[in-house]
Amino acid sequence: MNAIDYAKLACDTMMRKYGAADLPPKGKFHYHQGVFLSGMLNTYEICGEEKYFEYVKDWVNSIIYEDGSIHDFDRTSIDDIQPGILLFPLYEKTKDERYAIAIETLMDALRGWKTNSVGGFWHKECHPNQMWLDSLYMGGPIRALYSVYKNDPSYLETAINQALIMYENMRDKETGMLFHAWDESKKEAWADKETGLSPEVWGRAFGWYVIALLDILSYTDRNNEKYEQLTEIERSLLNSVIKYQDKSGMWYQVVAKGGCKGNWPETSCSSLFSCAIARAVRMDILGKEYLEYAKKGFNGVVNSLTFDGDNLLLGGVCVGTGVLDYKGYIERPTSTNDLHGMGAFLLMCAEIARI
C-alpha cells in the first residue's frame with residue numbers, strides 16, 4: 001500500500017468505530033477531535049473522496065448550534081481553540097454562515113488571551129504564566145488562517161511572535177530542541193528554579209511545535225522580514241531531532257534519551273517528525289536529501305501497525321499528559337487508535353503522499 005492508502009484505511013477504521021458526533025470527548029469542542037479531523041481533511045484534499053469531507057462537516061455540525069454558537073468549549077484553554085482550523089475550509093466550500101460565526105467566537109476568545117511579561121500566551125488560565133509547546137499548534141495556525149481570511153496581517157504576526165518567544169525562551173542548548181514547558185514565575189514543581197523550564201523534551205509537544213511553525217510559514221510571505229528567521233529555526237530544530245532518530249525509524253517518548261531505562265518509541269511524535277521533515281523538503285526549507293529521514297520515519301510507524309480484519313491498529317501512542325519529569329513521561333499509559341495518534345498519522349501519510 002502507498003501512503004494515502006494507509007491514510008484512507010485509518011480514516012475508514014475510525015469512521016466504523018465512531019459516528020462523527022460520537023468522537024471523544026463527545027459533545028465537546030476540543031483538540032482531540034480537531035487534530036484527527038484535520039488529518040482527515042488532509043486525506044480528503046489528496047484523494048478527493050467526499051465521505052471524508054462530509055464526516056468532518058457532520059462532526060462540526062454536531063457541535064455548533066444553528067445560530068453558530070459552540071455547544072461546549074473552554075474559553076480559558078487554548079486546547080479548545082484548535083478545532084477552529086476546520087471551520088475555514090468548511091465555510092469556503094459551503095458558505096454556511098454558522099461557520100463564520102463560530103470562527104468569530106473563537107477569535108474573540110483569543111483576542112483577550114492572557115500573557116506573561118514577554119507577551120507569551122498562557123497555555124491555560126489555570127496555569128498562569130506557563131507556556132507549553134502544544135500551544136503553538138492549538139492557537140497559531142488558526143491565527144494564520146484568520147489573517148488570510150480577513151486580509152489582516154496582524155494575526156499572522158501574533159502567531160509568528162509566539163513561535164519566536166517559545167524558541168528564545170524554551171530551547172535546550174544541549175540538544176538544540178525545545179523543552180515541553182516554561183513557567184516564567186518558576187513556581188511549578190517541575191520548573192527549574194533559575195530558568196523556569198521543564199526538565200525534558202517530550203516528543204509530541206515538540207512535534208506539534210515544528211508542525212505549527214510550518215503551518216505558520218505556509219501563510220507567511222517570503223518577503224516578510226521574519227520569514228528567513230523562522231525557516232532557519234525550523235531547519236535547526238529538524239536537524240537536531242534527526243540526530244535522535246532510532247534505527248527503527250521511530251523517535252522516543254523522551255526524545256533525547258532513547259537509550260535510557262524505560263524509554264520507548266512513541267508513535268505520534270514519530271509521525272509528526274516524519275511529517276515535518278517531508279513538508280520542510282516540500283517547502284524548500286530542507287534539501288531533498290532529507291527525504292530519507294522522513295521515509296525512514298514513515299516506514300518505522302507503518303512497521304509498527306497491526307490489523308484486525310479491515311481495521312488498522314495504531315498503537316504505542318502516549319495518552320494526553322501534563323508537564324512531567326522523565327519518570328512521569330515514561331510511565332504514561334499508551335493507547336491504540338487514540339485521536340492524537342491517528343491525527344498525527346494522517347498528517348504524516350498525507351505529507352508522504354504529496355512528496
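Preceding this paragraph is the structure being described.
Residues numbered from 1 in each chain as written. Predicted model: local features only at pLDDT ≥ 70, side-chain atom pairs only at ≥ 80, totals over all residues. Heavy atoms only, no water.

### What about the side chain of D12?
Working step 1: Of note, D12 is situated in helix α1 (residues 3-17).
Working step 2: In contact with D12, other than residues within four places in its own chain, are K51 and Y52. (Helix = DSSP H or I, 4+ residues; strand = E, 2+ residues; numbered from the N terminus. Contact = heavy atoms within 4.5 Å.)

### A closer look at the nonpolar core
Working step 1: Core analysis: the biggest nonpolar cluster contains 136 residues, and F36, F206, Y209 and F345 have the highest contact counts within it.
Working step 2: With 11 residues, the top contributor of residues to this core is helix α8 (residues 203-218).
Working step 3: For F345, the contacting residues outside a window of four places in its chain are Y6, A10, S271, V301, L305, L312 and L314. (Core = buried A, V, L, I, M, F, W, Y, C linked by side-chain atoms within 4.5 Å. Buried < 20%, exposed > 50% of the residue type's maximum accessible area, 1.4 Å probe, protein only.)

### Observations regarding helix α11 (residues 291-304)
Working step 1: The terminal C-alpha atoms of α11 lie 20 Å apart, and with 14 residues this matches the ideal 20 Å at 1.5 Å per residue to within 8%.
Working step 2: Along α11, the positions that sit buried rather than exposed are L291, A294, G297, F298, G300, V301 and V302.
Working step 3: Residues of α11 that are buried sit in contact with α1, α10 (267-282) and α13 (339-354). (Expected span 1.5 Å × (residues − 1).)

### Section: the environment of G328
Working step 1: On the secondary structure map, G328 appears in helix α12 (residues 326-330).
Working step 2: When the C-alpha atoms of G328 and F273 are compared, they prove to be 22 Å apart, with 55 residues separating the residues in sequence.

### Considerations on unusual backbone geometry
Peptide bonds are trans in most cases, and residues, glycine excluded, mostly fall at negative phi.
Working step 1: The residue after P24, namely P25, is reached through a cis peptide bond having omega -5°.
Working step 2: Inspection of the secondary structure assignment puts P25 in the loop between α1 and α2 (31-47).
Working step 3: The phi angle at K186 is positive, at roughly 60°, despite the residue not being glycine.
Working step 4: Locating K186 in the fold gives a position in the loop between β2 (181-183) and α8.
Working step 5: On the accessibility criterion, K186 (30% relative accessible area) is partly exposed.

### Here's the deal with the side chain of S270
Working step 1: Turning to its location among the elements, S270 is positioned in helix α10.
Working step 2: Residue S270 is classed as buried on the basis of its relative accessible area of 0%.
Working step 3: In this view, S270 contacts M250, W251 and V301; residues no more than four positions away in its chain are not counted.

### Focus: the environment of K226
Working step 1: Note on placement: K226 falls in the loop between α8 and α9 (227-242).
Working step 2: On a C-alpha basis, the gap between K226 and Y18 in space is 42 Å, while along the polypeptide they are 208 residues apart.
Working step 3: The residues touching K226, leaving out its near neighbours within four places in the chain, are E157, I160, N161 and L164.

### Side note on the packing of helix α7 (residues 153-170) against α9
Working step 1: Contact geometry of α7 with α9 gives a least axis separation of 11 Å together with a crossing angle of 45°. For the element pair α7 / α9, the angle class is oblique. Taken as a pair, α7 and α9 cross one another with a handedness that is left-handed. Taken together, the residues of α9 that come into contact with α7 (itself represented by I160, L164, Y167 and E168) are Q229, L230, I233, S236 and L237.
Working step 2: Partitioned by chemical class, the residues of the contact of α7 with α9 number 6 nonpolar, 2 polar and 1 charged. (Axes fitted to C-alpha atoms, helices over the stretch in contact; angles between N-to-C directions. Parallel < 35°, antiparallel > 145°, perpendicular 65-115°, else oblique. Left-handed = near helix turned anticlockwise from the far one by under 90°. Nonpolar A, V, L, I, M, F, W, Y, C, P; charged D, E, K, R; others polar.)

### Some thoughts on the packing of aromatic side chains
Working step 1: Applying the stated criterion across every chain, the model contains 13 aromatic pairs.
Working step 2: When the centroid spacing of 6.4 Å and the interplanar angle of 75° are considered together, the rings of F29 and F73 count as edge-to-face. A residue pair is termed long-range when its members are at least 10 positions apart, and F29 in the loop between α1 and α2 and F73 in the loop between α3 (50-63) and α4 (87-94) qualify at 44 residues. F73 carries the same exposure label as F29, and that label is buried.
Working step 3: Centroid distance Y290 to Y293: 6.0 Å. Interplanar angle 50°. Geometry classified as tilted. (Phe/Tyr/Trp six-rings, centres within 6.5 Å; stacked < 30°, edge-to-face > 60°.)

### Focus: the pattern of salt bridges
Working step 1: Tallied over the entire structure, the rule returns 23 salt bridges.
Working step 2: Residue K51 is joined to E49 by a salt bridge in which the shortest nitrogen-to-oxygen separation is 3.9 Å.
Working step 3: Using a relative accessible area of 39% as the deciding quantity, one classes K51 as partly exposed.
Working step 4: Residue E50 is joined to K93 by a salt bridge in which the shortest nitrogen-to-oxygen separation is 2.9 Å. You can see E50 sitting in helix α3 and its partner K93 sitting in helix α4, a full 43 residues away along the chain.
Working step 5: The exposure class assigned to E50 is partly exposed, which follows from its relative accessible area of 38%. (Salt bridge = Lys/Arg side-chain N within 4 Å of Asp/Glu carboxyl O.)

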